[in-house]
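Chains, contacts and geometry: an overview
Here are the chains, one letter per residue:
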Amino acid sequence: MSVPTPVDLTDVQGDVILQIPKRVENFIFFTIAQRDAFRKVVGSQAFMALITSAADVQGFRQQISAQKAKFQGKTVPLLQNSAVNIAFTQSGLNLLSLTDNLGDPAFTAGQFQHAQQLGDNVPDWLPAFKGDMHGIILIAGDCEASMLATEAKLLLLLGPTITQVFKVNGVVRPGTEKGHEHFGYRDGISSPAVNGIVAPLPGQQVCDPGVLLMGQPGDTSAASRPVWAKNGSILVYRHLDQLVPEFDKFKHDNPLFPLELGIEKGADLFGARMFGRWKSGAPIDITPTQDDPVLADDPQRNNNFDFSKPTDQTSCPFAAHIRKTNPRSDLGAANVSPHSINRTGIPFGPEVTPLERQNNKTTLERGLAFVCYQSILSNGFEFMQEIWANNPGFIFGKTVNGQPFDPGFDPIIGQKNGQPRQTGGLDPKAQGANTSLPQQFVISKGGAYFFSPSLSVLKNRIGTP
């Protein structure tokens, strides 16, 4: 099979397949105020010098690996870096005279038009995501100073050619919570390895490049796309609020085996069975009754499972979040791989305050700036959300005690337009029982779909001399 060449990696934006390393990331959502002037800036050498390619990310990740090897067993000094990527909505492409059909009806329609079918409660959407926007700029860095210095250069170049309509400040959580989302669970372990580009770890899902990149092997819609779409990808942004105190209270109100484990450990087990992983990242399919941080930190083991043993829910509920969104042997690798997405999001908002924890009530906004990439939404994000997470019947064909069993909603991201939901199998000793979820703990506040163009298209088709 042919795979993206080194030349292609210089042409692909950095976040799409390899993920930009970062501690902080700002997202600037904008409209284009001065079309011709904007295009001239984008075509300039100064602007293009700020755009980060996949080859840049590959090189920087190699530097990080060398740095870790050099300081093995010691505190590793952070390498200074910053990165910029840019992407456009359908209306943004239209304004820039790229009006060819990209072969993705969901992208053309926009996320707001699909909010209902995604299960969102549309009144929760922020006004910025209901209105028109033309693009998004991602600015990431190892620290705020690096990121803001690059952001200042970029905005000085763009000047009055754009108007900011919304901004999100993302930041990795502090201390030992680094790499964990706001509920406290380690994130980003199950990203796919791109065939021919990333060597897979044991148990890691492998996908063809075209699952993420247009015009590459595995892109099922390649024949219907314009030539300029090659090496581009669809960027999904979702602004997801997380109700952490309420989620924690729900866990503590429903501890598993409290007489044997105590309230705290019983609540931890209940939460782990909702996610499919302990907070450390250790998968419950391997270690179903207690956390194992050593396993969680071992990349040779923390993804090496497939839900095949046992076949019931003793180890992992059928509806657990990581099982709903990556069913592994439940469907088989050949049926899961085409639906792979590359997730590159980051938390936003402050840590939970003592008063919020005391009152079990969220008063400050926090959550996940969810970002993912795919070559077509109907196989990627929209498929995963609608056909898997929101579908009570999925995973299909499951039984409990010989009787057909509907697993219920993904308890973390499954949605029903604000209506009550149920999930099953959380109690391994009562696997046919359903648990009512009292509220949505992850609330979609809106989002948008963007096309992340290749660097050559950015300079030569979107930009002008």
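Everything quoted here is computed from the prediction, not taken from an experiment.

About the thresholds
Residues numbered from 1 in each chain as written. Predicted model: local features only at pLDDT ≥ 70, side-chain atom pairs only at ≥ 80, totals over all residues. Heavy atoms only, no water. Helix = DSSP H or I, 4+ residues; strand = E, 2+ residues; numbered from the N terminus. Rg over C-alpha atoms; globule rule 2.2 N^0.38 Å. Buried < 20%, exposed > 50% of the residue type's maximum accessible area, 1.4 Å probe, protein only. Contact = heavy atoms within 4.5 Å. Lys, Arg positive; Asp, Glu negative; His and termini not counted. Charge placed at Lys NZ, Arg CZ, Asp CG, Glu CD. Salt bridge = Lys/Arg side-chain N within 4 Å of Asp/Glu carboxyl O. Arc of directions from axis to C-beta. 1 Å grid on protein atoms, 1.4 Å probe; cavity = no way out; pocket = protein on both sides within 12 Å on 5 of 7 lines; lining within 4 Å. Points joined across faces, edges and corners; volume = space filled by probe spheres on them. Nonpolar A, V, L, I, M, F, W, Y, C, P; charged D, E, K, R; others polar. Pairing = 2+ DSSP bridges. Expected span 1.5 Å × (residues − 1). Patch = residues over 30% accessible without salt bridge, like charges linked within 9 Å, V, L, I, M, F, W, Y side chains within 5 Å. Areas by Shrake-Rupley, 256 points an atom, 1.4 Å probe, with all protein chains shown as cover. Axes fitted to C-alpha atoms, helices over the stretch in contact; angles between N-to-C directions. Parallel < 35°, antiparallel > 145°, perpendicular 65-115°, else oblique. Left-handed = near helix turned anticlockwise from the far one by under 90°.

This part takes up the overall build of the chain. Regarding its fold elements, the chain presents 17 helices and 15 strands. Taking 23 Å as the expected radius of gyration for a compact globule of 465 residues, we find that the chain reaches 22 Å, a close match to that expectation. Within the chain, the proportion of its 465 residues that are buried is 55%. Sequence separation of at least 24 residues holds for 74% of the intrachain contacts in the chain that already meet a minimum separation of 6. Charged side chains of the chain number 40 positive and 42 negative; the gap between the two group centres comes to 3 Å.

Of note, Glu382 is situated in helix H16 (residues 381-389). Comment: no salt bridge for buried Glu382; closest opposite-charge side chain is Arg238, at 8.0 Å.

Turning our eyes to something else, we now look at helix H2 (residues 35-42). Within H2, the full set of buried residues consists of Phe38, Arg39, Val41 and Val42. The buried residues of H2 occupy an angular sector of 160° when projected down its axis, which confines them to one face. Exposed side of H2, more than 90 degrees from the buried face: Asp36 and Lys40 are the residues found there. Considering only its buried residues, H2 is in contact with strand E1 (24-32), helix H3 (45-48), strand E2 (82-88), helix H8 (144-158), strand E4 (162-171) and helix H17 (455-462).

Time to look at empty space enclosed by the protein. Across all of its chains, the model carries one cavity of 30 Å³ or more by this definition. Residue assignment for the lining of the largest cavity shows that the elements contributing at least two residues are strand E7 (233-242), helix H13 (321-324), strand E10 (367-374) and H16. The greatest single-element share of the lining of the largest cavity, amounting to four residues, is contributed by H16. Of the residues in the lining of the largest cavity, the class split is 18 nonpolar, 13 polar and six charged.

This next bit is on the pairing of E2. In terms of burial, E2 is a largely internal element, six of the seven residues being buried. Where E2 and strand E3 (residues 135-141) come together, seven bridges link them in antiparallel fashion. Its bridge partner being in E3, Ile86 is matched across the sheet by Ile137.

This paragraph deals with the layout of surface pockets. A volume near 250 Å³ is recorded for the second largest pocket. What lines the second largest pocket is a set of 18 residues, among which Ala109, Gly110, Gln111, Gly131 and Asp132 lie closest to the centre. Only helix H5 (90-95), helix H6 (105-109), helix H7 (127-130) and strand E15 (442-452) provide two or more residues apiece to the lining of the second largest pocket. Tallied by class, the residues present in the lining of the second largest pocket amount to seven nonpolar, nine polar and two charged.

Attention shifts here to helix H11 (residues 263-275). With 13 residues, H11 extends 18 Å from end C-alpha to end C-alpha; this agrees with the ideal 18 Å at 1.5 Å per step. Within H11, the full set of buried residues consists of Gly266, Ala267, Leu269, Phe270, Gly271, Ala272, Arg273, Met274 and Phe275. On its buried face, H11 sits against helix H9 (244-253), helix H10 (258-261), H13 and strand E14 (434-437). Gly276 sits one or two positions beyond H11 and adopts a positive phi of about 95°.

A few words on a positive patch on the surface. A contiguous patch of positive charge on the surface is contributed by Arg23, Arg61, Lys68 and Lys178. Structurally, Arg23 can be placed in the loop between helix H1 (6-11) and E1.

With that out of the way, let us pick up the packing of H9 against H11. The interhelical angle for the contact between H9 and H11, taken along N-to-C directions, is 115°, at an axis separation of 8 Å. It follows from the interaxial angle that H9 and H11 lie roughly perpendicular. Handedness of the H9/H11 crossing: right-handed. Only Ile263, Glu264, Ala267, Asp268, Phe270, Gly271, Met274 and Phe275 of H11 make contact with H9, whose side of the interface consists of Phe247, Phe250, Lys251 and His252. When the residues that make up the contact of H9 with H11 are grouped by side-chain class, the tally is seven nonpolar, two polar and three charged.

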